[in-house]
Amino acid sequence: DSWSDVPVNNYHDLDGNYGGINALITLKNNMYAIQDTALSMLYINPTAVITDQNNFPLQLGTGSTLEKHFYHSVDIGSKHQWSVSKSQENITFVDIRHNKIYLFNGETLNPISDAKGNRGFLNKILHDNIKVNDNPILFKGILTTYDYKNNEFLYTFLNQAAMNSGEETQIVDEKYTLAYSDLVDSFTSFYSFT
C-alpha cells in the first residue's frame, strides 16, 4: 500500500531546466507531468509479470513507486495549469510560449491550433496579461474543460488588454470560449459563455 504511507525521502525529480510542474494528469493508465516547456511520462510502480514453475503469475518490480520518467517533448509545455484537461483519449493544453493548442494521445503531440486553422485567432488573443497571469477565478488566464455530453473540449481565454483611444488608455476585457470536438477532430464553434 505505497499510496497511503509514503516515506519522507520517497520522491522523484524532473529536470528543473524545463520549469515547474504545472499539471499532473493521467491518461490510459499512465501519468504525465506538464512543465513550462516539457511533457513527460512518469513510470509509476513499473512491474513485469512472469510465470513461476507452477504457471502462477509473479510480478517483478524494484519496490519503488515512482521510478523514472521519459520526456515526450522538451520544447512544448504549458505555463497555465488550468489550461490542461483530458478526454477519454486525449490530453490538451495551451502553450503560451508558442501560442498553440496541443492535443496529446499518449504517443503523438499534435498542434491542433495550426493543423485545424486557428493559428491566427490564437496570435490575436494571446497577448498582454494572459501571457503572465494564470488565475481564471480572477478572470485572468486560460481555463479548459471537457464536455462529456457533447464530446468537446472548451477553451476559455480571459484577458485584459490596454486600448489607446486618443489621449486616454482603457482596460478592455477580452473573453472567448472556443470548442474543439473529439468526434469530428475539428474546432466547431465559439460560445458566448465564458
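Scroll up a little and you will see the structure.
I will try to describe carefully the structure that is included in this document. (Residues numbered from 1 in each chain as written. Predicted model: local features only at pLDDT ≥ 70, side-chain atom pairs only at ≥ 80, totals over all residues. Heavy atoms only, no water.)

A short note on the sheet that holds strand 14 (residues 186-191)
Pairing is antiparallel across the open sheet formed by four strands, whose spatial order is 11-12-13-14. Two strands in the sheet have a free side with no partner beyond their single neighbour: strand 11 (141-147) and strand 14. Ignoring strand direction, the axes of neighbouring strands in this sheet form an average angle of 30°. Alignment of strand 13 (residues 168-181) against strand 14, held across five bridges, turns out to be antiparallel. Bridging from a neighbouring strand, Ser 181 pairs with Ser 186 of strand 14. (Pairing = 2+ DSSP bridges. Helix = DSSP H or I, 4+ residues; strand = E, 2+ residues; numbered from the N terminus. Axes fitted to C-alpha atoms, helices over the stretch in contact; angles between N-to-C directions.)

Description of the environment of Lys 68
Counting through the fold element by element, Lys 68 comes out in strand 6 (residues 66-73). Put simply, Lys 68 and Leu 42 are 26 residues apart on the chain and 6.2 Å apart in space, counted from C-alpha to C-alpha.

Comments concerning the sheet that holds strand 9 (residues 100-104)
In spatial order, the strands read 7-8-9-10; together these four strands make up an open sheet with antiparallel pairing. Here the strands that pair on one side only, and so sit at the sheet edges, are strand 7 (85-86) and strand 10 (109-111). By the bridge criterion, five bridges tie strand 8 (residues 91-95) to strand 9 in an arrangement that is antiparallel. Considered in strand 9, the bridge of Thr 92 is made with Leu 103.

Structural notes on the pairing of strand 3 (residues 38-44)
Every other side chain in a regular strand lies on the same face of the sheet, so the side chains alternate between the two faces. Counting buried positions along strand 3 yields five of seven residues, so the element is predominantly enclosed. With five bridges joining them, strand 2 (residues 30-35) and strand 3 adopt antiparallel strand pairing. Its bridge partner being in strand 3, Ile 34 is matched across the sheet by Leu 39. A loop of two residues connects strand 2 with strand 3, the two strands running antiparallel in sequence. (Buried < 20%, exposed > 50% of the residue type's maximum accessible area, 1.4 Å probe, protein only.)

Here's the deal with the pattern of salt bridges
By the definition in use, this model includes five salt bridges. Between Lys 28 and Glu 89 there is a salt bridge, with the nearest N and O atoms lying 3.6 Å from each other. Taken together, the residues Lys 28 in the loop between strand 1 (21-27) and strand 2 and Glu 89 in the loop between strand 7 and strand 8 connect sequence positions 61 residues apart. A relative accessible area of 44% means that Lys 28 is categorised as partly exposed. In this structure, Asp 185 and Lys 116 form a salt bridge, with 3.2 Å as the shortest nitrogen-oxygen distance. Residue Asp 185 is located in the loop between strand 13 and strand 14, and its partner Lys 116 is located in the loop between helix 1 (112-115) and helix 2 (119-125); the two are separated by 69 residues in the primary sequence. Note on Asp 185: relative accessible area 38%, which makes it partly exposed. Through salt bridges that share partners, Lys 100, Asp 114 and Arg 119 make up one connected network. (Salt bridge = Lys/Arg side-chain N within 4 Å of Asp/Glu carboxyl O.)

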